[in-house]
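Commentary on secondary and tertiary structure
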Amino acid sequence: MRDESLIDELNERHGLDGIRFDSGQGGLPKAVLTSRHGTAEIYLHGGHVTHYQPSDGEPVLWMSDEAVFDGNKAIRGGIPVVFPWFGPHQTDKGQPQHGFARNATWKVDSTASGDELAIVLSLASTLATKRIWPHDFKLKLSTTLAQSLEVSLTIQNTGDKHFEVSPALHTYFVVGDIRKTSITGFEDAHFVDQLADEQRQQRGSITFGEEVDRIYFAGAKPGNPVRPAVIMDDTLGRRIEISSEGSQSSVVWNPWIDKSKRMSDFPDDGYLTMVCVETANAADDSRMIEPGKTHTMTQSIHVVSQDAQKG
Ligand code: BG6
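We now turn to the structure provided with this report. (Residues numbered from 1 in each chain as written. Predicted model: local features only at pLDDT ≥ 70, side-chain atom pairs only at ≥ 80, totals over all residues. Heavy atoms only, no water.)

1. Some words on unusual backbone geometry
Here the residue pair Phe-83 and Pro-84 is connected by a cis peptide bond, since its omega of 0° sits within 30 degrees of zero. In this model, His-98 sits at a positive phi of 65°, which is unusual for a non-glycine residue. Counting through the fold element by element, His-98 comes out in the loop between strand E5 (81-82) and strand E6 (107-112). The class for His-98 is buried, based on a relative accessible area of 6%. (Helix = DSSP H or I, 4+ residues; strand = E, 2+ residues; numbered from the N terminus. Buried < 20%, exposed > 50% of the residue type's maximum accessible area, 1.4 Å probe, protein only.)

Laid out in structure tokens, this is it:
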């Protein structure tokens, strides 16, 4: 249901030239960013970016036609924020997969307008989150719309004990046809094949002909930036460049046929037009954060059309 007073309040407090608040699907509040560079939408539920479209191009983020917008379930598609753990909880299978941040309602901290539009959302620990994960934290999720879309997650330890986290920006990208799509940037990288539970090494670019669920690691040297991943999509005539900072691991996921059928909020043929390339701190790349300290991971998404490449 549309909550007019909440939307009005958000517009009064944080609305700016190019940044408006509106009720989205299921009546959930969302921020709508519009500039000469393109458009983006961010739901407060999950701090979830659901839409990004450069002004001279097509939508970049894949959204499931069967996504649930009930304010409880994580939205299927866009950029779910995975925190504090990646995948299943290590010891308690009763805990939510990929943590709780993607199911929580975030607050608007600030907005900024100009040639770049920016919105910062936040999520802090509460008694309810501490029942699931017993730590004090504050998250800031900053989304900036300019020539690229940049999404940055900062995790602050506001408590007096260190904690370990394995967050991810779990981005779903639109592709024309996954069977004709390849991803470069991971050549020779080591990866964990989550389906076989084994370590392997990538040869050449990544192509798709079956379910893929892999955690790629960036080189052996700590501090090495992850090389940009590039989705090569001849069907749609574009390249999507994905750069990461504060991350030494990237997850590449396509559920293929059987898993698509098993997911209730995912169309059976949805796997054909999507791929997830996630900026992560997964597995051995998880991060320890000391009291008072922060850790930031950033994903930048830049689209290059093939016409532009020729010119
Ligand atoms: C990926 C995982 O990040 O997310 C996959 O590597 C998982 O194993 C996928 O299936 C989707 O997870 P969920 O919880 O959103 O269905």
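Next, the rest of the story.
2. Some remarks on the side chain of Asp-233
Among the secondary structure elements, Asp-233 is positioned in strand E18 (residues 229-233). Of the side chains with opposite charge, Arg-238 lies nearest to the buried Asp-233, which makes no salt bridge, at 4.8 Å. In this structure the side chain of Asp-233 is engaged in a polar contact, spanning 2.9 Å, whose partner is the backbone nitrogen of Gly-176. With residues near it in sequence (within four places) discarded, Asp-233 still touches Val-174, Val-175, Gly-176, Arg-238 and Gln-306. (Lys, Arg positive; Asp, Glu negative; His and termini not counted. Salt bridge = Lys/Arg side-chain N within 4 Å of Asp/Glu carboxyl O. Polar contact = N/O pair within 3.5 Å; in protein donor to acceptor, adjacent residues only side chain to side chain. Contact = heavy atoms within 4.5 Å.)

3. Some points on the site of the ligand
All residues adjacent to the ligand are Arg-76, Phe-86, Gln-97, His-98, Arg-102, His-170, Gln-194, Asp-213, Val-251, Trp-253, Lys-259 and Glu-278. Between an oxygen atom of the ligand and a side-chain N or O atom of Gln-97, the distance comes to 3.1 Å. One of the side-chain N or O atoms of Glu-278 is found 2.9 Å from an oxygen atom in the ligand. Here the ligand, which alone exposes 390 Å², has 87% of that area covered by the protein. Partitioning the shell around the ligand into residue classes produces three nonpolar, four polar and five charged. (Near = heavy atom within 4 Å. Areas by Shrake-Rupley, 256 points an atom, 1.4 Å probe, with all protein chains shown as cover. Nonpolar A, V, L, I, M, F, W, Y, C, P; charged D, E, K, R; others polar.)

4. Re the sheet that holds strand E16 (residues 206-207)
Ordered by their spatial adjacency, nine strands build an open sheet running E6-E7-E8-E9-E23-E19-E18-E13-E16, and the pairing between neighbours is antiparallel. Either end of the sheet is taken by a strand with one partner, and the two such strands are E6 and E16. By the bridge criterion, five bridges tie E18 to strand E19 (residues 238-245) in an arrangement that is antiparallel. Along E19, the bridge assignment pairs Ile-231 with Ile-240. (Pairing = 2+ DSSP bridges.)

5. A few points about the environment of Val-212
Here Val-212 is to be found in strand E17 (residues 212-217). Take Val-212: its relative accessible area is 2%, and that puts it in the buried class. Separated by 25 residues in the primary sequence, Val-212 and Glu-187 have C-alpha atoms spaced 16 Å apart. Aside from chain neighbours lying at most four places away, what touches Val-212 is Leu-195, Val-252, Trp-253 and Asn-254.

6. A short note on the pairing of strand E4 (residues 48-54)
A large share of E4 lies buried, amounting to six of its seven residues. As paired elements, strand E3 (residues 38-43) and E4 share six bridges and run antiparallel to each other. The partner of Ala-40 across the bridge, within E4, is Tyr-52. Hairpin connection, E3 to E4: the antiparallel pair is bridged by four residues, and Gly-46 has positive phi, about 85°.

7. Some words on helix H1 (residues 4-14)
Buried residues of H1: Ile-7, Leu-10, Asn-11 and His-14, and no others. Burial along H1 is one-sided: seen end-on, the buried residues are contained in an arc of 105°. In H1, the exposed positions that point more than 90 degrees away from the buried face belong to Ser-5, Glu-12 and Arg-13. (Arc of directions from axis to C-beta.)

8. Structural notes on a negative patch on the surface
Taken together, the side chains of Asp-65, Glu-66, Asp-268 and Asp-269 make up a negatively charged region of the molecular surface. Given the relative accessible area of 38%, Glu-66 is considered partly exposed. (Patch = residues over 30% accessible without salt bridge, like charges linked within 9 Å, V, L, I, M, F, W, Y side chains within 5 Å. Charge placed at Lys NZ, Arg CZ, Asp CG, Glu CD.)

9. Quick notes on the pattern of salt bridges
Taken as a whole, this structure holds 15 salt bridges when the rule is applied. Where Arg-76 meets Asp-265, a salt bridge forms, and the shortest distance between an N and an O atom there is 3.0 Å. With Arg-76 in the loop between E4 and E5 and Asp-265 in the loop between helix H3 (256-262) and strand E21 (274-280), this residue pair connects regions lying 189 residues apart in the sequence. The exposure classification of Arg-76 matches that of Asp-265, with both residues buried. A salt bridge links Asp-193 to Arg-200, with the shortest nitrogen-to-oxygen separation between them at 3.0 Å. Looking at Arg-200, the relative accessible area reads 36%, which means it is partly exposed.

By themselves, these figures tell us nothing about what the structure is for.
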